[in-house]
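# Survey of secondary and tertiary structure
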Amino acid sequence: MASKSGKEKLIDEEQEVLQAVVLADSWNRRFRPLTTKKPRCLLPICNAPLLDWTFESLALAGVQEVFVVCRSYSELIIQAINSSKWSKPNSGMKISPILTAKETYSAGDAMRDIYTRGLVTSEDFILVHGDLVSNVRIDEVVRVHKERRRKNKDAIMTVVVKEAGVGHRTRSRGDSPIFVVDSDTSECLHYEPAFAYPKKKLAHIPREVLNEHKQVEVRYDLIDCGIDVCSSEVPSLFQDNFDYLDIRRDFVHGVLTSDLLMKNIHIYVEKDGYAARVQDTKSYESVRFTFLSRWTFPLVPTTTTQAANATSTPPARNTSPNRPPPLGTISRSAQISRHTLIGASTSIGDNSRIVASVIGANCVIGSGVVIEDSYVFEGTTVESGCTVRRSIVGSGVVVREGSEVKEGVFGGDGVVVGPGARLREFERLSVPWTRGEGEGSDEDEDSDVEDMETSQGEVDKSTLGADSNAIVWLDKPPEDDDLESPENFLNRRYMRLGASLNVTTMTMPRTPSPSPPKRTTPDSDYDSHTDASVSGRSDLGASLSSGLMADKEFRSEVRQSLERAFAEDHSVDNAAVELKTLRMASNVPLSRVREGVVSAIVEKIPVVEEAAKQRVGRSRRTIGRWGELINRIGGVDAVETVTLLQRMKENYRKTWIVGAQMIHQLDQQSSSEEESEEDDDGDDDKPAGAVSRSAEASDGDDEDDEDD
Amino acid sequence: MDIDTVQPAFQKKEFLAVLLAGFGNELLPLTSDNGDEPSPKALLPVANKPLLEYTLSWLEQSGIKDVLLIAPTIHESALHHHINSDTTASNLSIDLQTYDETHESSIGTAELLRHFAPRITEDFVLVPCDFIAPPSLPLSTLLDKYRLESTSHGAIVSTCWYPAYAPEKGILVDEWGQIPTSPALVWDPKTDSLLHVDTPDELDRNAEEYGLKMDMLSRYPRTRLSSSLQDSHVYVCHRKVLQLLAQKPRFESFRQDFIPWLCKIQYQPSKRRKYAEFISSIPNQTTYLSQSLALTHSTTPSAAAQSVATLVPLEESSTPTTTSPNSSLPPPTFKVTITIHKSEDGLALRINNLYALLEMNRVFLSAHAQSAQRVGGKATPAPQVQGGALVDPKAQISADTMLGGSTQVGERTVCKKSVIGRHCIIGRNVKIVGSILLDHCVVEDGAKLEGCILGKNTKVGSRSELARVVSCGGYEVGGGETLKGEKLDVSDWTAEVPHGNEDESTESGEENEEDDSD
């Protein structure tokens, strides 16, 4: 009899409905202001809302019942669920939205809500976030989890992680945990969060982990996929411990460090599949890239979701894009490179160039537009002559003629900029808040926008263009910055789009607007070896558009950038950052940049027939102001600079500045030899004043990455 | 001048073995002075062969020719005598150097190396006198590893760790002191780099947690952490290590201070730059650069080539005239390698506690018994009896027992699983099980010994019963006494001086682990 009942139980188990809980709120604001009008889970990734991708992932795992826990913009989410193909009767999945109270301030609160409502009826369930993209066989994880539970009732949770290098592009630098694991049982023994800022120097691993385990593995190479298989005890544990807020930092850490609970958490290292959370704009880019390169098969644009998408993504290795979408018109002279996705009914004008970007449906792209590594949501107009680079442009945005949108800019929905706008890096724009609109959203978010509105007085809006309706989101640390959380101001900088790690300096590209905090300057003890590899992989933009940008074009870019710097009197730092990003975006050697800078500075010194003294004064001023830039763009290399100057001599009759230049670069003894050599060509004496001045200056600009 | 005879002198030695022979405080009372006569640890026998012999033959098998033997002055004559006697079969040229030290004072290994640095002109192997390696772990394995890693990855120190030996609970005797604890260490199995060694200082600083540098984790994201490994104290070192030691005069112990410090430099570029001239085993930076240049332009980039290439961003390295070469040059790479001996490949052990001594003897006995069985093929193979032993025909000596030369065994005496030294006199009706008797012991009639270690010249009176007893040389146990689990020291019966001394580190580096035992 016993065996029979055992068999029955087995059948029972097989028939048990697989349930999943989707947390459709992020409880953070990394995507602002794109998320002022809709929740993050409805942001499009490859022209389909994130939530759809999440459902798709769950459907792959054979989930039958899904609860979507929503808080902000719940009516939008419900709408999206209803219109999703997964809520059709034949989809095999039952999706029910759960509206939680506005007071749900964290994932922990949501879990408590799940507990009090008694939603989870099965023994184990899948817990994911509304921003998950995955093709992992979660059913396999559930099987492993159940098997383990049969032997050990205390194994309450299995966390899905994926192996990756430290600098993998999907690995968020702002939030990358350390796992201490028993490699034989894959039991997680310790979990430690690590943020980019405040910089963590030491990982603290409790000594007691070695009491019971002879040998453990310390792993910093895992990506937390945000997929957890939980037993039904988990919500009740949240209920018992009301201070658990975050699922990882509080719950996992709390369970592992508790002396009372005696529960185990295991990890599941996924080998083949792909899973990632779109938790910040940086991972947004990386996930998008992975999609278009088809690493997530079967989750790829051509097979999934909205049929309205006219895709132009050829398989990764096919370079000739397969263009015409229905109804949209793409000019014959437009160039569309690979890794590009263009929505339905989008028209693209003459001579435009779209590189590694995603353009939503119903967009109008003018002629002569350059869009690189960017995301343009639906219904946006980009007028002729605009350049958009590595940015996210919301839906319904109008970018007027001749505007330039640079690295990391987020334009909120409905924003108008231009004509002739010059947006700074990492600028965030949105439309002003109008009362009575979007009543469903909570006050919290209102006040946020209002705050921004009230502080508009301090902002220089001249760069936005005449027709702009935008307000600028100030990039400043809040007063009550919580360094304990990854949401602290400086850490968030590491998570946004365009925040690539620079090989030479390891600094964050600095924002030109409010004075960049000094603390982001390189941590000298950071290993250069890692840095190099980090940047090599994370600098997605470079890898995508490499070779696409012609050498010539790059040179003109440098010139333009410098002309702007000269004209608008940027600081040397800002100009250097701009050049660096340019260099990275187009993947050219440093010498190219140096060449461009040197020639631009030489050109800047006017050739006029006037008294020698005046001429010396002019050159002195120019070099005093801009000479340092040569050193700033990446390493002091005097010899190369002099070589460049010499090469240029044939073109310009201005060799007399060479001496001053060199003094600026070289130390005394090496320069003296060179000077004499140069003086032969020069038609003027080396300005003595410039010598001493620049010598002083060069003292000051010693390499700033001094070690401690 | 005859060129032929001069020639060999110019042949450069590759390695010099630096053999450290200390007092062996952790083996007290076996190593305590026997009257005026010292008993050096190096001459303590395991399976009737002095420890030093194992080490010397291990060195010799690897092709090393020269040994610098460093020992306390008071051991000089004993060691000198031993080295020059016929009992050593080695052809090594041994340079015996001494330093003044007593049981009580302590000189750290790092200090000793600094002191004897002028005598070391080439790469060296630092060896303790008490490490016995199984045949599966020849020194040449470690040397080869060093040769490979030093040329390809700039390794300057190669270490060797073995699984810690933990005796079963039942064997533990409080009086014998504790088993040395193993330090926690972190290593990267992929590259065999030793990354972190926990030190008592760090334990003091944070008794709850191990602090691992994030820089280490970024560079070596998947590492292993364990505290079940023991250091063999065999270090293959580049000669620059001595210069580096000279830079750090405060370091006392090589194992406890120097190695943990060196490990950390691996992921601290600023320190690597600071000590660049001492840590790079690759001759000089310019050849290094050209090497990397060649590697980057190679058509088949290997993993090594890539790693070099990433280390040396070319546009930055081509600046020979910059003012501060230290900051512009990439920090040199270097490495502390680790070899981990697996327990299934035979027992490797440092004889740095009494349990280890017992265990090592047991292993040799069972190995002998097995080989005897294989050769003899008889059901009851003959015991290991050396020449000149007088064994009464009525005595029972089991196959896994070893008898030294000129030892007498009386009738109806039973010996099992024991090692009995030379010139011992065992009476009648004696029972010896699982014990070690050093030379010149006298066991009178009817005595029973179980799990004992008796020092030289120990006398056991008739009908006394000893279990798990350790005695110092020259100790006398009265007739009919029953002792259990004790450490017998001369000082106990000559004067009422408490035995065992606190925190005494011997020079050979074993101080680290054992000293907490008191």
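Residues numbered from 1 in each chain as written. Chains lettered and ligands numbered in written order. Predicted model: local features only at pLDDT ≥ 70, side-chain atom pairs only at ≥ 80, totals over all residues. Heavy atoms only, no water.

## Quick notes on the domain arrangement of chain B
All names here are of chain B. Domain boundaries in chain B define domain 1 (11-345) and domain 2 (354-494). The interface of domain 1 with domain 2 comprises 22 residues on the first partner and 36 residues on the second. For the pair domain 1 and domain 2, the two sides together bury roughly 2,500 Å², of which 66% comes from carbon and sulfur. Among the residues of domain 1 in contact with domain 2, Leu 30, Asn 48 and Trp 176 are the three that bury the most area, contributing 32% of the side total. (Domains from an automatic or database assignment. Contact = heavy atoms within 4.5 Å. Buried area = accessible area lost by both parts, 1.4 Å probe.)

## Topic: a positive patch on the surface
Residues and elements named next belong to chain B. Residues Lys 416, Lys 417, Lys 431 and Lys 448 make up a contiguous surface patch of positive charge. Considering the arrangement of structural elements, one finds Lys 417 in the loop between β22 (414-416) and β23 (419-420). Of the residues examined, Lys 417 reaches a relative accessible area of 52% and is grouped as exposed. (Patch = residues over 30% accessible without salt bridge, like charges linked within 9 Å, V, L, I, M, F, W, Y side chains within 5 Å. Areas by Shrake-Rupley, 256 points an atom, 1.4 Å probe, with all protein chains shown as cover. Salt bridge = Lys/Arg side-chain N within 4 Å of Asp/Glu carboxyl O. Lys, Arg positive; Asp, Glu negative; His and termini not counted. Charge placed at Lys NZ, Arg CZ, Asp CG, Glu CD. Helix = DSSP H or I, 4+ residues; strand = E, 2+ residues; numbered from the N terminus. Buried < 20%, exposed > 50% of the residue type's maximum accessible area, 1.4 Å probe, protein only.)

## Looking at helix α2 (residues 51-61) of chain B
Among the eleven residues that make up α2 of chain B, eight are buried, leaving the element largely enclosed by the rest of the structure. Downstream of α2 of chain B by a residue or two, Gly 63 of chain B has a phi angle that is positive, lying close to 90°.

## A few points about the domain arrangement of chain A
All names here are of chain A. The domains assigned to chain A are domain 1 (15-282), domain 2 (315-432 + 454-469) and domain 3 (543-707). Using only C-alpha atoms to locate each centre, domain 1 and domain 2 end up separated by 34 Å. Of the residues lining the interface, ten residues belong to domain 1; the matching set on domain 2 comes to 19 residues. Broken down residue by residue, the surface that domain 1 buries against domain 2 is led by Pro 33, Leu 34 and Asn 47, which jointly contribute 47%. Counting across the domain 1 and domain 2 interface gives zero salt bridges.

## Observations concerning empty space enclosed by the protein
Residues and elements named next belong to chain A. Summed over the entire model, instances satisfying the criterion amount to twelve cavities of 30 Å³ or more. A volume near 130 Å³ is recorded for the second largest cavity. Lining the second largest cavity are twelve residues, and of these Arg 389, Lys 406, Glu 578, Thr 581 and Leu 582 lie nearest its centre. Every element with two or more residues in the lining of the second largest cavity is listed here: α14 (551-568) and α15 (572-586). Broken down by element, the residue count for the lining of the second largest cavity peaks at four residues, all from α15. The residue makeup of the lining of the second largest cavity, split by class, is two nonpolar, two polar and eight charged. Inspection of the lining of the second largest cavity shows a minimum of three residues originating in each of domain 2 (315-432 + 454-469) and domain 3 (543-707). (1 Å grid on protein atoms, 1.4 Å probe; cavity = no way out; pocket = protein on both sides within 12 Å on 5 of 7 lines; lining within 4 Å. Points joined across faces, edges and corners; volume = space filled by probe spheres on them. Nonpolar A, V, L, I, M, F, W, Y, C, P; charged D, E, K, R; others polar.)

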